[in-house]
Amino acid sequence: MRRLVVALGLALGLGARANAAEGEPIVIGMSAAFSGPSAALGIEVYRGAQAYFAAVNAAGGIDGQPVVIRALDDRYDPESAVENTLRFLDDTDVVVLFNYVGTPTVTRVLPLLKLKSRAEMLLDTDFFKLWTQRDILLFFAFTGAQPLREPPYGDFVFNLRASYRDETDALVRHFAASGRRRIGVFYQADAYGRSGWDGVRRALPRYRAALVAEATYRRGAGFGESFARQVDILRRAEPDAVIAVGSYAACAGFVRDARDAGLRIPIANLSFVGSENLLAYLRDAGERRGRDYTRGLVNAQVVPSYEDLSLPAVVTYREHMARHDPRPAPELATPTYRPLPYSFAGFEGYLNAKLLTEILRRAGDARSPARLREVAEDIRALDLGIGTPVGFSAHDHQGLDRVYLTTVEEDRFVPLHEPAVAAE
Amino acid sequence: MPGSRLFRKTLAVMVVLFGIISVATSLLYGGELHRSMRAEYESKGRAIGQSISDAGVELLLNRDVETIQATIDQYAEIPGVSYVAVQESDDTLIAHTFVPEVPAALRELARDGEVRLLELPVEGIGDTLHITTPMLGGVAGHVYVGMDLGVIRARIWSGVLRLQLLIGALFLASVGVASLLVRRIARPLVRLAEHTRALSAAGFEAGGPPLDAATLAAKDEVGDLARSLDGMSHELRDSIERLRQATAARERLESELRIAREIQMGILPKGEPHFPNLPLRLDASVHPAREVGGDFYDFFLTEDERLYFAIGDVSGKGVPAALFMAVTATLLRNAARGSADPARILAQANRELSRDNDSGMFVTVFLGFLEARTGRVSYCNGGHNPPYLVTAGAAPRAIEDGRCALLGWASETAYRASELVLAPGQSLFLYTDGVTEAHDPSGALFTERRLEALLVRDTAGPPATLTAAVLRAVDAFAGAGPPADDVTVMALRFEPEGAAP
């Protein structure tokens, strides 16, 4: 079987090289964490997108033009994200911003989009004035935060993934359905954490649930740090479930310390956590200490499972990943990081790239932001191969709103059908 | 070393001075820094609160908590801001920067729609200047900004520390300068001290280390001291030289006096001579008050077996008296060789002595001849203390007869001789006034009474016993002091065959 896949890969590769795109590249800008505590997310989202673009480019690109991601590392730091964005805006080659990762980073970039997207006067005569709208658009950021989906910035952003509100709503609904109505929130002390916290608060009244306790941690906290104080703060309120809004290192550390402290209630994570990385930390820690830290986890996802081979997009994603195994450019490489074969984040990046490619293809030669906006807003019920149609309109830049709850079984994330059971 | 002692004192004064400076400047600087930083923090906190309040109203209305959070995160990164929080009108903190939870101190705070400042100890954060800013007069909610007072304290400490380092550096520099200065001042002093030590080590002889010209030429107090010390050492050297020369002269003089005494004593016949086959025994002795004295005695045996004897006392003491005595003794002896008449001898000598006697000196003399076979004595007393006739077992008798005037006063003085006969065993005891006028430390005189008592007691022995006893008694009486006057004694004993003992 394996030999067959390799042979198939070789055949496709050879065929692709024959048709490889050689025109002027279409450059898209991506600022994400390629180092630091959320590096895995940036790298996997990048790899997923790059796998699709590699396949597109191998097949001749878009009208003969290859798609190239110009990626810059922001280390999940808002200031760096702003700096990177300014560099993209100064670069006339960059057609569009794409695949940004993180709430605090993107939230800080949004005002920049609005500021730079202003009317420019082309002609100013006594008889008439000619104006043009120079838009800066951000396609498919890897965050479910609300400012990307609301005025005044929602106009400059197209989202594919469901929002954190959708995710938290699904989680609260799930817990309430199993009688868990005392909810605690563990969240990152920044815009991302606040977004998840706000989503939980908004969902509570709908399911007659209550926020009984909250605890924060500082962005950038690593797995090695102790989260015992946060566990203690939450535990005192005796919650039925905890929703964690954080990065994988901190959330894994929190789960570890919660379980060590005997807290056995379900702990939920949002899609941003990077489920595979979370699992890797917990598995390693569990092996070292002879414990199972992976039970009682509920992870919300905004894309279907990459294990669901009934979905055509999953099949091509796996094919393209196996064939191209894309890696970040050497200057962005983190030597200690071992890339995952597949991941939710990677699959999301893949789908983002697939949708952007469709938009670029439909835009034709004129790839001005205004044209891209027009084309994107015209997309209706597009099938990306995930069983759910995607569409936008002038008033709705939100592509999907489905949330997929998963849990860990046999070291893998599987769809959660039953209400979450208590750990151990 | 004087330099280091001076330096230690200077250092102590400097430590105290710099301590005062250090404390005073630190207090002033720290206080000033605290006031200005506190004011700056206050206005900074107010401005942050106001700007969040202005922007937050619209965001709150849009329920855009992520943007509010992103905004306050930015403000929380400003140095000195420990936290920022936004509270909705329903008391919910909708955005804040606390980790891991909202401190208890901030959960129950009064709000009244006014800007409020409050110093608040917050657990996990420390002392905070808590600034409450209302949004839309408190209707929309409130913004809380916490300014870290610990930062102010840390800045003050670091500022004060830097100030201390500066003062410390200045102190060290001043110590260095003071050390140089003190050493410059002390160096000539040290040199002066070494100079005086070397001077005394060299016994103030000339040739010691000279003071350097620079020190001597210095136009300050040290220069004055050096100059006066230099002058003093020269004076000292000169007077020591003079003393040394004087001492040498005295030593020379003393040795001359010693020789003079030897010459003088050489003039006098030695005591206790032997007169073979003659019934005579004699002992004489002189103890001059100084090296040379004015007392003398003399005796010799003539060819016709008569014993010439004489005792004299020149007025005054010392070399003049000794010279006068030598002249007198020589004159008498020469006269005695040509004549056996005591009166004639004295008259002749008196004439010689009185002539051209500008010094005004005179001499008392007792002179006589003793016929060895018969015991007959012819004598003449020229103003001298009367001798004693000493008889064993009887009181001594002063020989008052034949007293004439002393010699050297008037040239034409008449002298008359007298005679007495010594019974076998009888003695003549002659002495000068050094015996009877010897005085003890309290000033009491020896007197004839004490002498006569001795002459009763010690008559049995030979003349030497008698003279020795008298000299011993006088010595004992006078005590440790030097003799006030020359002391001369002479004893003659007539001992024909068969006489006792």
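Residues numbered from 1 in each chain as written. Chains lettered and ligands numbered in written order. Predicted model: local features only at pLDDT ≥ 70, side-chain atom pairs only at ≥ 80, totals over all residues. Heavy atoms only, no water.

Tell me about the overall build of chain B, residues and numbers included.
Within chain B, the regular secondary structure consists of 10 helices and 16 strands. For chain B, restricting intrachain contacts to residue pairs at least 6 apart in sequence, the fraction spanning at least 24 positions comes to 66%. As displayed, chain B offers around 25200 Å² of accessible surface, 58% of which is attributable to carbon and sulfur atoms. (Helix = DSSP H or I, 4+ residues; strand = E, 2+ residues; numbered from the N terminus. Contact = heavy atoms within 4.5 Å. Areas by Shrake-Rupley, 256 points an atom, 1.4 Å probe, with all protein chains shown as cover.)

Outline the state of the cysteines, supporting the account with residue identities and numerical values.
Put plainly, two cysteines are in a disulfide when a covalent bond ties their sulfur atoms together. All names here are of chain B. Across all of its chains, the model carries zero disulfides over all chains by this definition. Of all cysteine sulfurs, the one in C380 lies closest to C404, which takes part in no disulfide; the gap is 4.0 Å. Its relative accessible area of 15% is what places C404 among the buried residues. (Disulfide = S-S within 2.5 Å. Buried < 20%, exposed > 50% of the residue type's maximum accessible area, 1.4 Å probe, protein only.)

Before we move on, can you summarise the nonpolar core with the specific residues and values?
The biggest cluster of nonpolar side chains holds 173 residues, and the ones touching the most others in it are F139(A), F140(A), I243(A) and L355(A). What L355(A) contacts, discounting residues up to four positions off in sequence, is F140(A), L160(A), I379(A), L382(A), L384(A), V390(A) and F392(A). Of all hydrophobic cores here, the second largest spans 55 residues; its members include L280(B), A284(B), A372(B) and C404(B). (Core = buried A, V, L, I, M, F, W, Y, C linked by side-chain atoms within 4.5 Å.)

Describe the pairing of strand β8 (residues 306-314) of chain B, naming the residues involved and giving the relevant values.
All names here are of chain B. Counting buried positions over the nine residues of β8 gives nine, a clear majority of the element. Covered by surrounding structure in β8 are R306, Y308, A310, G312 and V314 together with L307, F309, I311 and D313, the residues of both alternating faces. Between strand β7 (residues 295-301) and β8, which pair antiparallel one after the other, the connecting turn spans four residues, and E305 there sits at a positive phi close to 60 degrees. With nine bridges joining them, β8 and strand β9 (residues 363-371) adopt antiparallel strand pairing. By the bridge assignment for β9, Y308 is matched with F369. (Pairing = 2+ DSSP bridges.)

Tell me what's going on with the sheet that holds strand β1 (residues 81-88) of chain B, and back it up with residues and numbers.
Residues and elements named next belong to chain B. In space, the five strands of this open sheet follow the order β2-β1-β5-β4-β3, with antiparallel pairing throughout. In this open sheet, the two strands that pair with only one neighbour each are β2 (93-96) and β3 (116-122). Geometrically, the sheet is characterised by an average inter-axis angle of 25 degrees between neighbouring strands, direction not taken into account. Sheet topology note: the β1/β2 ladder contains three bridges and is antiparallel. Bridged to V86 within β2 is A95. (Axes fitted to C-alpha atoms, helices over the stretch in contact; angles between N-to-C directions.)

How would you summarise the sheet that holds strand β3 (residues 94-98) of chain A if you had to cite specific residues and measurements?
Strand-to-strand pairing in sheets goes through backbone hydrogen bonds, with the strands running parallel or antiparallel. Residues and elements named next belong to chain A. Spatial ordering of the open sheet is given by β2-β1-β3-β6-β7, a layout of five strands whose pairing is parallel. For this open sheet the edge positions go to β2 (67-73) and β7 (157-158), each flanked by a neighbour on one side alone. In this structure, strand β1 (residues 26-32) lies alongside β2, joined through seven bridges in parallel fashion. Across the sheet, I28 pairs through a bridge with I69, a residue of β2. Sitting on the sheet, helix α11 (residues 344-363) is in contact with β1, β3 and β6 (138-139), with an inclination near 145 degrees to β3.

Provide a residue-level description of the pattern of salt bridges, including the pertinent values.
Residue and element names in this part refer to chain A. Applying the stated criterion to the full structure yields 41 salt bridges over all chains. Across the pair E44 and R47 runs a salt bridge, and its minimum N-O distance is 2.9 Å. Of this pair, E44 and R47 both sit in helix α2 (residues 39-58), three residues apart, which is roughly one turn of that helix. This pair shows no difference in class: E44 is buried, exactly as R47 is. Connected through salt bridges with shared partners, the residues E150, R165, D198, R201 and R202 form a single ionic network. (Salt bridge = Lys/Arg side-chain N within 4 Å of Asp/Glu carboxyl O.)

Kindly report on the side chain of N350(B), identifying the contributing residues and their values.
Within the element layout of this structure, N350(B) appears in helix α7 (residues 342-354). When sequence neighbours within four positions are dropped, the list of residues in contact with N350(B) reads L406(B), L407(B), G408(B), W409(B), A410(B), S411(B), E412(B), T413(B) and Y415(B).

Go over the pairing of β1(A), please, and point to the residues and values.
All names here are of chain A. Of all seven residues making up β1, seven are buried, and the element is well covered by its neighbours. Burial along β1 is two-sided: the face carrying I26, I28, M30 and A32 and the face carrying V27, G29 and S31 are both buried. Pairing between β1 and β3: three bridges, direction parallel. The residue bridging I28 from the neighbouring strand is V96, located in β3.

Quick one: what's the story with the packing of aromatic side chains, residue by residue and with numbers?
Taken as a whole, this structure holds 37 aromatic pairs over all chains when the rule is applied. Measuring from centroid to centroid gives 5.0 Å for F139(A) and F158(A), while their planes differ by 10 degrees, and the two rings are stacked. Here F158(A) lies in strand β7 and F139(A) lies in strand β6, a separation of 19 residues in the sequence. Across the pair, F158(A) and F139(A) agree in class, each one buried. For the pair Y388(B) and Y431(B), a centre-to-centre distance of 6.0 Å together with 15 degrees between the ring planes defines the contact as stacked. With Y388(B) in strand β11 (residues 388-390) and Y431(B) in strand β15 (residues 427-431), this residue pair connects regions lying 43 residues apart in the sequence. (Phe/Tyr/Trp six-rings, centres within 6.5 Å; stacked < 30°, edge-to-face > 60°.)

Give me the interface of chain A and chain B: which residues, what numbers.
Across the boundary between the two partners, chain A contributes 27 residues, which contact 21 residues of chain B. Approximately 2000 Å² of surface area, both sides summed, lies buried where chain A meets chain B, with 47% of it carried by carbon and sulfur atoms. Counting the contacts that link chain A with chain B gives one salt bridge. Between E101(B) and R236(A) there is a salt bridge, and its shortest N-O distance comes to 3.6 Å. Of all the secondary-structure elements, those providing two or more residues to the side of chain A that touches chain B are α4 (103-116), α6 (191-203), β9 (210-217) and α7 (228-236) of chain A. Among the elements that line the side of chain A that touches chain B, the one with the most residues is α6(A), at seven residues. Broken down by class, the residue content of the side of chain A that touches chain B amounts to nine nonpolar, five polar and 13 charged. (Buried area = accessible area lost by both parts, 1.4 Å probe. Nonpolar A, V, L, I, M, F, W, Y, C, P; charged D, E, K, R; others polar.)

Let's hear about the packing of α2(A) against α11(A): which residues, and what values?
Residue and element names in this part refer to chain A. Where α2 meets α11, the closest approach of the two axes is 7 Å, and the angle between their N-to-C directions is 40 degrees. In terms of their interaxial angle, α2 and α11 are classed as oblique. Between α2 and α11 lies a crossing of right-handed hand. The segment α2 lies against α11, with L41, E44, V45, G48, A49, A51, Y52, F53 and V56 engaging A345, G346, G349, Y350, A353, K354, L356, T357 and R361. Taken together, the residues of the contact of α2 with α11 break down into 11 nonpolar, four polar and three charged. (Parallel < 35°, antiparallel > 145°, perpendicular 65-115°, else oblique. Left-handed = near helix turned anticlockwise from the far one by under 90°.)

Could you give me a rundown of the side chain of Q65(A), with the residues and numbers involved?
Residue and element names in this part refer to chain A. By secondary structure assignment, the location of Q65 is in the loop between α2 and β2. Side-chain polar atoms of Q65 contact the backbone oxygen of E24, separated by 2.8 Å. Apart from residues lying up to four places away in sequence, Q65 is in contact with A21, G23, E24, P25, I26, N57, G60 and R367. (Polar contact = N/O pair within 3.5 Å; in protein donor to acceptor, adjacent residues only side chain to side chain.)

So what about the confidence of the model for chain B? Which residues, and what values?
For chain B, the average pLDDT comes to 86, and 95% of its residues sit at 70 or higher. Complex prediction metrics read pTM 0.64 and ipTM 0.82. (pLDDT = per-residue confidence, 0-100.)

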